[in-house]
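Summary of the model geometry
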Amino acid sequence: MTDYSDKVVQHFENPQNSGILENPDGEAIVSNPVCGDTMSVTLRIKNLTIVNMQWQTRGCPAAIATSSYTSEFVRGMSLKEAREVSREVITQGIGGLPRDKGHCSVLAADALKKAISSYENKQKTL
Ligand code: FES
């Protein structure tokens, strides 16, 4: 994994917050149209703030590392702030990705946004 930053290697070898929350407040499953890899995200939300994010990713080292990084990055973030977390922000935060792995950060960014939307939609129906 010589093309990966130290931070990518660190998160891939020691992923944080992997798993699925029971009775999550928000959840989503997305797949990457480029490669077919998939990611599930579950969120615990209190007072419009993400207090926990857990994930399960079936994908490449970059997808797993960006999933792990994102789960730490968004903890304590307001939903408004978390909605603004783009694939570029994730890629930059993890120390960059090799050119051919640029699309791998899409999973975490998309799954996060979709899980937030699922929470907001649930609130509308309560
Ligand atoms: Fe599919 Fe990286 S190759 S997410």
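The structure this text deals with has already been given above.
Fair warning: this is a prediction, and the values are worked out from it, not measured in the lab. Residue indices follow the written sequence of each chain, beginning from 1 at its first position. In keeping with the model being predicted, local features are shown solely for residues with a pLDDT of at least 70 and side-chain atom pairs are shown and tallied solely at 80 or more, while totals for entire chains, interfaces and linings include all residues. Note: side-chain values were computed over all heavy atoms of the structure, leaving out hydrogens and water.

**Describing the pairing of strand 2 (residues 38–46)**
For the record, the criterion: DSSP calls a pair of strands paired once it identifies at least 2 bridges connecting them. Secondary structure is summarised from DSSP: a helix means a run of H or I of at least four residues, a strand means a run of E of at least two, and numbering begins at the N terminus for each.
As paired strands, strand 1 (residues 26–31) and strand 2 are joined by six bridges and run antiparallel to one another. By the bridge assignment, Glu27 is partnered in strand 2 with Thr42. Counted along the chain from strand 1 to the antiparallel partner strand 2, the turn is six residues long, and its residue Gly36 has a positive phi close to 85 degrees. Looking at chain direction, strand 2 and strand 3 (residues 49–58) are connected through nine bridges and run antiparallel. Among the inter-strand pairings, Thr38 is bridged to a residue of strand 3, identified as Arg58.

**Concerning the pattern of salt bridges**
For clarity, the cut-off: The salt bridge definition used is simple: a Lys or Arg side-chain nitrogen within 4 Å of an Asp or Glu carboxyl oxygen. A simple rule labels every residue: compare its accessible area, found with a 1.4 Å probe on the protein chains alone, to the largest value its type can have, and call it buried under 20%, exposed over 50%, or partly exposed in between.
Counted by the stated rule, this structure contains two salt bridges. Among the salt bridges present, the one from Arg44 reaches Asp25, with a minimum N-O distance of 3.7 Å. With a gap of 19 residues between them, Arg44 in strand 2 and Asp25 in the loop between helix 1 (6–13) and strand 1 connect regions that are remote in the sequence. Residues Glu120 and Arg83 are paired through a salt bridge, measuring 2.8 Å at the closest nitrogen-oxygen approach. With a gap of 37 residues between them, Glu120 in helix 5 (residues 106–125) and Arg83 in helix 3 (residues 79–83) connect regions that are remote in the sequence. A residue is classified by how much of its surface remains accessible, and Arg83, at 29% relative accessible area, is partly exposed.

**Details of the nonpolar core**
Under the convention used in this document: We define a nonpolar core as any set of buried Ala, Val, Leu, Ile, Met, Phe, Trp, Tyr and Cys residues linked to one another through side-chain atoms lying within 4.5 Å. Residue contacts follow a heavy-atom distance rule, with two residues in contact if any of their heavy atoms lie within 4.5 Å.
Of all hydrophobic cores here, the largest spans 35 residues; its most connected members are Met39, Val41, Leu43, Ile50, Met53 and Leu112. Of all the secondary structure elements, the ones that give two or more residues to this core are helix 1, strand 1, strand 2, strand 3, helix 2 (61–73), helix 3 and helix 5. The dominant element in this core, judged by the number of residues it contributes, is helix 5, at eight residues. When neighbours within four sequence positions are excluded, Met53 is seen to be in contact with Asn17, Met39, Val41, Thr42, Leu43, Ser67, Thr70, Ser71, Val74 and Leu112.

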